[in-house]
Amino acid sequence: MSLRSTGKNRNKEVCTIHRGIAASPGVAIGKAFLLNREAVEVKEEKISENEVQREILRLKKALDETKKELSKIKEKVAKRIDPDHAKIFDPQIMILEDDFINDAVIERIKQSRNNAEFVYKKVIDSTIQILSSSQDEYLKERILDINTVTSRLIYNLLGIKHLTLESIDSPVILIARTLSPGDVVHMKKESVLGFATDAGGGTSHVALLAKSMEIPAVVGLKNIFDQVQNDQSIILDGTRGEVLICPDEETLKEFEKRRKYILKKTAELSELKLLPAETLDKRKIELSANIELPQDTDSALEYGAEGIGLFRTEYLYLAQSDLPTEEEQYQAYQGVADKVYPKSVILRTFDLGGDKFDAHTGTLYEMNPFLGWRAIRACLDLPEIFKIQLRAMLKASSKENIKIMFPMISETEELKKAKALLEEVKEELRKKKTPFDENIEVGIMVEIPSAALSADSLAKECDFFSIGTNDLIQYTLAVDRGNERIAHLYQGFHPAVLKLVKQTIDAGHRNGVWVGLCGEMAGDPLATVLLVGMGVDELSTSAMAIPEVKKIIRSITFEEAQELAQQILNLSTVDEIKKHLIADYAKRFGKDNKSKLE
């Protein structure tokens, strides 16, 4: 989170900008509503030996009540949104059913003769302490699940009614220290224009639900709750990850204009949806969408995607409490392939770390999973789990519009080993006479500098490249994009990053391999002309970014884009590159649009 002053508004209040994590896109303007849920103080109370069994029964009753509440919320999500998102609540229900936790609580009640809520919180605090040292988003999400369940259970033990958000009946921007998936489900779009929280991550369950419900959201703001007062004027930008408190008249006009621009851009969708993403001189760029869960496919097609360029299959795991079965995976993959047919879908194999597999392998959590045992490394070490996924993918490929992509490939030998396992699975299916696409395309994510530098040799072993700029930037610049102290160093327009992107594209083309790009840069309007000029064949981005990227592609010539790319690649600093791109964008699309990019 960063903060800066933008001056004073008409009420002489200082206007400040708070930066967090963009969780759900869109702009909301309105009055702040603080969700003031003070933590309930749990006091230690001694009970007599005769009261122990009664206390245990009270605990079991509260566990049952809480489980019923969560099951009702899950049912509501399944009806209101879809069954896949409803699986988000499975981990919370499983916490309530966890015999290890519950038995420990019961044993402590017997030994210490303390009240149930006090003992339960003690046991949970010990569990959270073990997980709290992690910087991994998945484990942070588990901590949020545990806290959410614990609060709800303690409310039930103490007989306190759990406050829901359905009672909000006027349009506000919700400000909270934290929100649970259950809170988001109870939001009414006409009442909650957007929300901002101190805690949370961009890939959290709360973020997933907000996107599905199309509610703008910014999370991970650290202390926004303490900076805002009820009824203060707020601007929330869920695309940039910003919250403006008490904006002045000029800022309000600027963001109202931006909000209307977004609505206008959405209205233009119907005009662009069926048009190809090609330059004025007929250079075709395949414009695809990134998705996390199968239900995201409908939105992608609605925004004009020409296929799915990245299906992050690990979200099938993150959305539930265990690895999905082969049948569950098969149904998910086939469902997406059927929806986009005859367009294609690229299935990326699980990009999961050792911390995600610990329940199945007994491995310990790694302090730095970004540089550790994850993605293809973990899959190659767990061939039986990996082959289950590969089987599901192949079985879903009978319509011949599925492609398989391996993440985090660092050198040719890794790719050969992954392909060898794929061949084993193919042979198994042949023996069972199970149909699949014999000519299925196999590609890799180029997201490690060593892969970009070895692109010529890797291209000889696969059918396509997809450049993952998010990790490529992180690994090239040695910058943890989740670390707010050095976040300013995370620069996609760094000359070294751009040279690796260009080098990868050229190597792919030299070897007859098509090259896509699926990181956040793919949806950045400032990068579109540059990437087209570099020669990229495909761009895969969030569904909402597709119309603007398509509009830019259709308004330029490939020759112009190539000239710009050459100019940019000759520059030596990030500032020079960004200034040049912003000036070029303003020249092509008008000065009114320039402010969106600065």
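Residues numbered from 1 in each chain as written. Predicted model: local features only at pLDDT ≥ 70, side-chain atom pairs only at ≥ 80, totals over all residues. Heavy atoms only, no water.

A. Structural detail: the overall build of the protein chain. The helix and strand tally for the protein chain stands at 26 helices and 17 strands. Here the protein chain holds 598 residues, and 55% of them are scored as buried. Nonlocal contacts in the protein chain, meaning residues at least 24 apart in sequence, comprise 67% of its contacts between residues at least 6 apart. For the protein chain, the accessible surface area stands at approximately 26,300 Å², while carbon and sulfur atoms represent 50% of it. (Helix = DSSP H or I, 4+ residues; strand = E, 2+ residues; numbered from the N terminus. Buried < 20%, exposed > 50% of the residue type's maximum accessible area, 1.4 Å probe, protein only. Contact = heavy atoms within 4.5 Å. Areas by Shrake-Rupley, 256 points an atom, 1.4 Å probe, with all protein chains shown as cover.)

B. Quick look at the packing of helix α25 (residues 558-569) against helix α26 (residues 574-589). One way to put it is that α25 packs onto α26 with a least axis distance of 10 Å and a crossing angle of 155 degrees. Our classification of the angle between α25 and α26 gives roughly antiparallel. The way α25 lies across α26 gives a crossing that is right-handed. The segment α25 lies against α26, with Glu560, Leu564, Gln567 and Ile568 engaging Ile577, His580, Leu581, Asp584 and Arg588. For the contact of α25 with α26, the class distribution of residues is 4 nonpolar, 2 polar and 3 charged. (Axes fitted to C-alpha atoms, helices over the stretch in contact; angles between N-to-C directions. Parallel < 35°, antiparallel > 145°, perpendicular 65-115°, else oblique. Left-handed = near helix turned anticlockwise from the far one by under 90°. Nonpolar A, V, L, I, M, F, W, Y, C, P; charged D, E, K, R; others polar.)

C. Structural context of the packing of helix α1 (residues 52-80) against helix α4 (residues 99-112). As a packed pair, α1 and α4 sit with axes 9 Å apart at the nearest point and diverge in direction by 155 degrees. In terms of axis orientation, α1 runs roughly antiparallel to α4. Taken as a pair, α1 and α4 cross one another with a handedness that is right-handed. Across the interface between the two elements, Val52, Gln53, Glu55, Ile56, Leu59, Lys60 and Leu63 from α1 touch Asn102, Val105, Ile106, Ile109 and Lys110 from α4. Residue classes in the contact of α1 with α4 are distributed as 7 nonpolar, 2 polar and 3 charged.

D. Quick look at the environment of isoleucine 473. Relative to the assigned elements, isoleucine 473 resides in helix α21 (residues 469-477). Taking C-alpha positions, isoleucine 473 is 9.0 Å from alanine 496, a pair spaced 23 residues apart along the chain. Filtering out sequence-adjacent residues up to four positions away, isoleucine 473 remains in contact with Tyr490, Gln491, Gly492 and Val497.

E. Local environment of the pairing of strand β9 (residues 242-245). Residues Glu242 and Leu244 point to one face of β9 and Val243 and Ile245 to the other, with burial holding for every one of them. Between strand β8 (residues 233-237) and the antiparallel strand that follows it, β9, lie 4 residues; glycine 241 among them carries a positive phi value of about 80 degrees. (Pairing = 2+ DSSP bridges.)

F. Representation of the nonpolar core. Phe406, Phe465 and Leu539 are the most contacted members of the largest nonpolar core, which totals 103 residues. For this core, the leading source of residues is helix α23 (residues 525-534), giving 7 residues. Residues from two domains meet in this core; each of domain 3 (286-444) and domain 4 (447-591) gives at least three. Excluding its chain neighbours within four sequence positions, the residues that come into contact with leucine 539 are Ile285, Glu286, Leu287, Ser288, Leu517, Ala522, Leu531, Val549 and Ile553. Ranked by size, the runner-up nonpolar core spans 51 residues in total, among them Val52, Phe89, Val185 and Val219. (Core = buried A, V, L, I, M, F, W, Y, C linked by side-chain atoms within 4.5 Å. Domains from an automatic or database assignment.)

G. Main features of the pattern of salt bridges. Applying the stated criterion across every chain yields a total of 40 salt bridges. A salt bridge links aspartate 338 to lysine 399; the shortest N-O distance between them is 3.2 Å. Highlighted residues: aspartate 338 in helix α14 (residues 326-340) and lysine 399 in the loop between α17 (383-395) and β13 (402-406), separated in sequence by 61 residues. Residues joined by salt bridges that share partners form a network here, namely Glu326, Lys387, Arg391, Lys395, Glu424 and Glu428. (Salt bridge = Lys/Arg side-chain N within 4 Å of Asp/Glu carboxyl O.)

H. Representation of the state of the cysteines within the structure. Counting across every chain of the model gives 0 disulfides. Unpaired in terms of disulfides, cysteine 246 finds its nearest cysteine sulfur in cysteine 15, a separation of 7.1 Å. (Disulfide = S-S within 2.5 Å.)

I. Structural view of the packing of aromatic side chains. Applying the stated criterion across every chain yields a total of 4 aromatic pairs. Ring geometry for phenylalanine 311 and tyrosine 333: centres 6.0 Å apart, planes at 85 degrees, overall edge-to-face. Within this pair, whereas phenylalanine 311 is found in strand β11 (residues 307-312), its partner tyrosine 333 is found in helix α14, the two being separated by 22 residues in sequence. Residue phenylalanine 311 is classed as buried on the basis of its relative accessible area of 0%. It is lysine 395 that lies over the ring of tyrosine 330; its NZ or CZ is 5.6 Å from the centre. A cation sits over an aromatic face here: lysine 399 above tyrosine 341, 5.1 Å from the ring centre. (Phe/Tyr/Trp six-rings, centres within 6.5 Å; stacked < 30°, edge-to-face > 60°. Lys NZ or Arg CZ within 6 Å of the ring centre and 35° of its normal.)

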